[in-house]
Amino acid sequence: MTDNQRLSPGDPAPDFTLTDADGNEVSLADYRGRKVVVYFYPAASTPGCTKQACDFRDNLGELNSAGLDVIGISPDKTAKLAKFRDAEKLNFPLLSDPDRTVLTEWGAFGEKTMYGKKVTGVIRSTFLVDAEGKIEVAQYNVRATGHVAKLRRDLSV
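Here is a short report on the structure shown in this document.

Procedures and definitions
Residues numbered from 1 in each chain as written. Predicted model: local features only at pLDDT ≥ 70, side-chain atom pairs only at ≥ 80, totals over all residues. Heavy atoms only, no water. Helix = DSSP H or I, 4+ residues; strand = E, 2+ residues; numbered from the N terminus. Buried < 20%, exposed > 50% of the residue type's maximum accessible area, 1.4 Å probe, protein only. Core = buried A, V, L, I, M, F, W, Y, C linked by side-chain atoms within 4.5 Å. Contact = heavy atoms within 4.5 Å. Salt bridge = Lys/Arg side-chain N within 4 Å of Asp/Glu carboxyl O. Lys, Arg positive; Asp, Glu negative; His and termini not counted. Polar contact = N/O pair within 3.5 Å; in protein donor to acceptor, adjacent residues only side chain to side chain. Pairing = 2+ DSSP bridges. Axes fitted to C-alpha atoms, helices over the stretch in contact; angles between N-to-C directions.

For N141, which is not glycine, the phi torsion reads 55° and is therefore positive. Structurally, N141 can be placed in the loop between β9 (135-140) and α4 (147-155). At S156, a position not held by glycine, the phi torsion is positive, near 55°. Overall, S156 belongs to the exposed group, its relative accessible area being 69%.

Now the structure itself:
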């Protein structure tokens, strides 16, 4: 998939195996049989990404109760993810994609507009993958603030 291609509802979710903040491998296949929110963010410990991660943390109980797990993916190295998780008391897996392969496969890395300029980078994106591994919801260029509340409204959670 090129960085201009985007996933749509009904598409198979590209499988991945990435390393979490503790150095353990986590695969999308591990979540088969459950719905999972997969969200991509630019960088741990930055203001917007911290706000978004804390919103997921604070809403995780309701999301889990609705049968939804959450995974966050960024290009950060595992040590930075561990520091971010511990500092913010995050309670869901943060996965490292330093070569941006998974980000690219999911259409979450490529050209975007930032402060009026075209740049290449992580496109803040959120997906809902159904229990069979298909994309149920695909949202690109989401806002860090208020995104989780909007997602909950959209999913009636």
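Okay, the nonpolar core next. Residues F16, V38, F40, I73 and W106 are the most contacted members of the largest nonpolar core, which totals 24 residues. Of all the secondary-structure elements, those providing two or more residues to this core are β3 (35-40), β4 (68-74), α3 (101-105), β8 (125-129) and β9. The element contributing the most residues to this core is β3, with three residues. Among all residues touching F40, those that are not within four sequence positions of it are I73, V102, L103, W106, A108, V122, I123, R124, S125 and F127. Core analysis: the next-biggest nonpolar cluster, separate from the first, contains 22 residues, Y41, A44, L63 and F84 among them.

The tally for this structure, following the rule as stated, stands at eight salt bridges. For E136, the salt bridge is made with K35, and the minimal N-O distance between the two is 3.2 Å. Of this pair, E136 sits in strand β9 while K35 sits in strand β3; the two residues are 101 residues apart in sequence, bridging distant segments of the chain. Taking relative accessible area as the criterion, K35 reaches 31% and is therefore assigned partly exposed.

With that out of the way, let us pick up the side chain of R124. Looking at the secondary structure, you find R124 in the loop between β7 (117-122) and β8. Although R124 is buried, it forms no salt bridge, and the closest oppositely charged side chain is D55 at an N-O distance of 9.6 Å. Looking at R124, its side chain comes within polar contact range of the side chain of Q52, at 2.7 Å. Beyond its immediate stretch of four places on either side in the chain, R124 contacts F40, Y41, P42, G48, C49, Q52, Q139, Y140, N141, V142, R143 and A144.

A regular strand carries its side chains on alternate faces of the sheet. As paired elements, strand β6 (residues 109-114) and β7 share six bridges and run antiparallel to each other. Bridging across to β7, K112 finds its partner in V119.

Okay, the environment of V37 next. Residue placement: V37 occurs in strand β3. The exposure class assigned to V37 is buried, which follows from its relative accessible area of 1%. In the structure, V37 is positioned 89 residues away from T126 in sequence and 7.0 Å away in space, judged by C-alpha atoms. If we ignore the near neighbours within four places in the chain, the residues touching V37 are F56, D69, V70, I71, T126, F127, L128 and L151.

The strands making up a sheet are joined through hydrogen bonds of the backbone, oriented either antiparallel or parallel. Read across the sheet, seven strands follow the order β2-β1-β5-β4-β3-β8-β9 without closing on themselves; strand pairing throughout is mixed. In this open sheet, the two edge strands, each paired with only one partner strand, are β2 (25-27) and β9. If you compare each strand with its neighbour and ignore which way they point, the axes differ by 30° on average. In the sheet, β3 pairs with β8 via five bridges, with the strands oriented antiparallel. The residue of β8 that forms the bridge with Y39 is T126. Against the sheet, helix α2 (residues 78-88) engages β1 (17-20), β4 and β5 (94-96), with an angle of about 165° to β5.

Read these as spatial facts, not as claims about activity.
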